[in-house]
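# What the coordinates show
Next come the chains, spelled out residue by residue.
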Amino acid sequence: MMNISVIGAGTMGNGIAHVFAQNGFTVNLIDVNAGQLEKAIQTIQKNFDRQIAKGSATEEQKKNALDHLTTFTDMAQGVKDAELIVEAATENIDLKLNIFKQLDSLAPAHAVLATNTSSISITRIAAVTKRASQVIGMHFMNPVPVMKLVEIINGYATSQTVTDTIVALSKQLGKVPCVVNDYPGFIANRILMPMINEAVYSLYEGIAGVNEIDTIMKLGMAHPMGPLQLADFIGLDTCHAILNVLFEGFGNPKYAPCPLLTNMVTAGYLGVKTGEGFYKYSKDSKDLIVSERFR
């Protein structure tokens, strides 16, 4: 089994570590914040407990997975034996470029460097390394243990051998890989984010309310979650950042973030992660309550 290192112990990083460990891979989960690593392990344990309750995992699988998982705050130690490194840090270009520069010097020469970015150019990330042919996008969907899709993105110089390896690996995880090319937003977010942005514009222009917009998309288009609720779930700051990547990459004003979205992000109303976005969120209730600002 391939040795895997995952950079970043947030929501995506702990989910990626979870699925690799569950499938028998040796996983090093790396984060500069020791507290974040502790929180990640607790989250993985809770997610396994949910799987066990639903019958999709066993106590033995949980134990084996946790036995395969080691945490590190030192990147050099965490990647020294890695064959595949999956970076899952915050969606920030400068941060990612800095991480890949470090990985290029610290990781074994044969290691594949993958990024879980949802929109940032793979080619640009690869360009800061001396192994551009071994850099690829491996975009998991949230929540990682549940969602089947892995969007695999070829950079301009990614080798076919690396692509084939990552496709096969994704299938080993029980995922469905879809290979796309490296242009702003790839496919998932090039299509999803303009839809979310249009929903925000519809609210901003007073065409309909939050509940009406989401209900129409759920009942009329068979979406499991309305676009405004989905934006809250993703994080309004993440949506805003991806729209800016699309806007800057294509130079087309249709991708510019809605002013309402910009204001909400500036004010710190980011959705589920802050307790309020288009809806209000409480640990004590699972009811979907529209924010008072939009009633």
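Residues numbered from 1 in each chain as written. Predicted model: local features only at pLDDT ≥ 70, side-chain atom pairs only at ≥ 80, totals over all residues. Heavy atoms only, no water.

In the annotation of an unreviewed UniProt entry, the entry for the protein chain reads 3-hydroxybutyryl-CoA dehydrogenase, and the organism field reads Niastella caeni.

### Comments concerning the UniProt feature "binding site: NAD(+)" (unreviewed entry) in the protein chain
The cut-off we apply is this: UniProt positions are given in the numbering used here, feature names are shortened, and annotations may be inferred rather than shown by experiment. Buriedness for pockets is judged along seven lines, at least five of which must meet protein on both sides within 12 Å for an open set on the 1 Å grid over protein atoms alone, while cavities are sets there where a 1.4 Å probe fits but cannot get out, and lining residues have an atom within 4 Å of a point. A run of H or I in DSSP becomes a helix once it reaches four residues, and a run of E becomes a strand once it reaches two; helices and strands are each numbered from the N terminus. Categorising residues by exposure relies on relative accessible area from a 1.4 Å probe, with only protein chains included: less than 20% of the type maximum marks a residue as buried, more than 50% marks it as exposed, and the intermediate range marks it as partly exposed. Residue contacts follow a heavy-atom distance rule, with two residues in contact if any of their heavy atoms lie within 4.5 Å. Between N or O atoms, a polar contact is any pair within 3.5 Å; within protein, one atom must be a potential hydrogen donor and the other a potential acceptor, and residues adjacent in sequence are included only when both atoms are from side chains.
Those places that UniProt annotates as "binding site: NAD(+)" (unreviewed entry) correspond, in this numbering, to Gly-8, Ala-9, Gly-10, Thr-11, Met-12, Gly-13, Asp-31, Glu-91, Lys-96, Ser-118, Asn-142 and Lys-273. From the list above, the second largest pocket is lined by Glu-91. In this fold, Gly-10 is placed in the loop between β1 (3–7) and α1 (11–22). Exposure remark for Gly-10: the relative accessible area of 27% places this residue in the partly exposed category. On the secondary structure map, Glu-91 appears in the loop between β4 (84–87) and α5 (93–106). The residues touching Glu-91, leaving out its near neighbours within four places in the chain, are Lys-96, Thr-117, Ser-118, Ser-119 and Ile-120. Within the structure, Glu-91 has its side chain in polar contact with the backbone nitrogen of Ser-118 (distance 3.1 Å).

### Side note on the environment of Ile-187
Structurally, Ile-187 is set in the loop between β8 (176–181) and α8 (188–204). With 68 residues separating them along the chain, Ile-187 and Ser-119 place their C-alpha atoms 9.2 Å apart. With near-sequence residues (within four places) excluded, Ile-187 lies in contact with Glu-151 and Val-180.

### A word on the UniProt feature "site: Important for catalytic activity" (unreviewed entry) in the protein chain
On the UniProt side, "site: Important for catalytic activity" (unreviewed entry) is annotated at positions that read His-139 here. Its place among the elements puts His-139 in strand β6 (residues 135–140). For His-139, a relative accessible area of 6% translates into the label buried. When sequence neighbours within four positions are dropped, the list of residues in contact with His-139 reads Thr-115, Asn-116, Thr-117, Ser-118, Leu-149, Val-150, Glu-151, Ile-153, Ala-188 and Asn-189. At a separation of 2.8 Å, a polar atom in the side chain of His-139 contacts the side chain of Glu-151.

### Side note on the sheet that holds strand β2 (residues 26–30)
Our working rule: One requirement defines pairing of two strands: DSSP has to find at least two bridges between them. Only C-alpha atoms enter the line fits that serve as axes; for helices the fit covers just the stretch in contact. Angles between N-to-C directions range over 0 to 180 degrees.
Across the sheet, which stays open at both edges, the 8 strands sit in the order β3-β2-β1-β4-β5-β6-β7-β8 with mixed pairing between neighbours. Here the strands that pair on one side only, and so sit at the sheet edges, are β3 (69–72) and β8. With direction set aside, neighbouring strand axes in the sheet form an average angle of 25°. As paired strands, β6 and strand β7 (residues 149–154) are joined by 5 bridges and run antiparallel to one another. From the neighbouring strand, Phe-140 faces β7, where its bridge partner is Val-150.

### Section: the packing of aromatic side chains
How we decide: When two rings of Phe, Tyr or Trp (its six-membered ring) have centres within 6.5 Å they constitute a pair, described as stacked for plane angles under 30 degrees, edge-to-face for angles over 60, and tilted for the intermediate range.
Counting across every chain of the model gives 5 aromatic pairs. Between Tyr-201 and Tyr-204 the ring centres are 6.0 Å apart and the planes differ by 70°, which places this aromatic pair in the edge-to-face class. Pair noted here: Tyr-201 and Tyr-204 are both in helix α8, with a separation of 3 residues, about one helical turn. The class of Tyr-204 is partly exposed, set by a relative accessible area of 45%.

### Here we look at the domain arrangement of the protein chain
Think of interface size as the accessible area that goes away when the parts come together; that is how it is often given. Quick note on the threshold: Where each domain begins and ends is defined by an automated method or by a domain database.
By the assigned domains, the protein chain splits into domain 1 (3–181) and domain 2 (190–290). The straight-line distance from the C-alpha centre of domain 1 to that of domain 2 is 27 Å.

### Some points on the environment of Ile-196
Mapping Ile-196 onto the fold places it in helix α8. Filtering out sequence-adjacent residues up to four positions away, Ile-196 remains in contact with Pro-227, Leu-230, Ala-231, Ile-234 and Cys-239.

### What to know about helix α2 (residues 34–54)
Spelled out, the test is: Multiplying 1.5 Å by the residue count of a helix minus one yields the expected span of that helix. The directions from the helix axis to the C-beta atoms form the arc being described.
Along its 21 residues, α2 runs 31 Å from first to last C-alpha, staying within 8% of the 30 Å computed at 1.5 Å per residue. Among the residues making up α2, those that are buried are Leu-37, Ala-40, Ile-44, Asn-47, Phe-48 and Gln-51. Seen end-on, α2 carries its buried residues on one side only, within an arc spanning 105°. For α2, exposure combined with an orientation more than 90 degrees from the buried face picks out Glu-38, Lys-39, Lys-46, Arg-50 and Ala-53. Its buried side turned inward, α2 meets α1, β2, α3 (59–67) and β3. Sitting at the amino-terminal end of α2 is Asn-33, which places a side-chain oxygen 2.8 Å from the backbone nitrogen of Gly-35. Phi turns positive one or two residues past the end of α2, at Gly-55, with a value near 85°.

### Brief notes about the nonpolar core
Among soluble globular proteins, nonpolar side chains are generally buried collectively. Rules: By nonpolar core we mean a set of buried residues, namely Ala, Val, Leu, Ile, Met, Phe, Trp, Tyr and Cys, connected to one another through side-chain atoms within 4.5 Å.
Phe-20, Val-27, Leu-84, Met-138, Phe-140 and Ile-166 are the most contacted members of the largest nonpolar core, which has 35 residues in total. Sort the elements by how many residues they give to this core and α1 lands first, with 6 residues. Setting aside chain neighbours within four positions, we find Met-138 in contact with Phe-20, Leu-84, Val-86, Ala-114, Thr-115, Asn-116, Val-150, Glu-151, Ile-153, Ile-166 and Ser-170. Counting residues in each nonpolar core, the second largest holds 24 residues, with Ala-199, Val-200, Leu-260 and Val-290 among its members.

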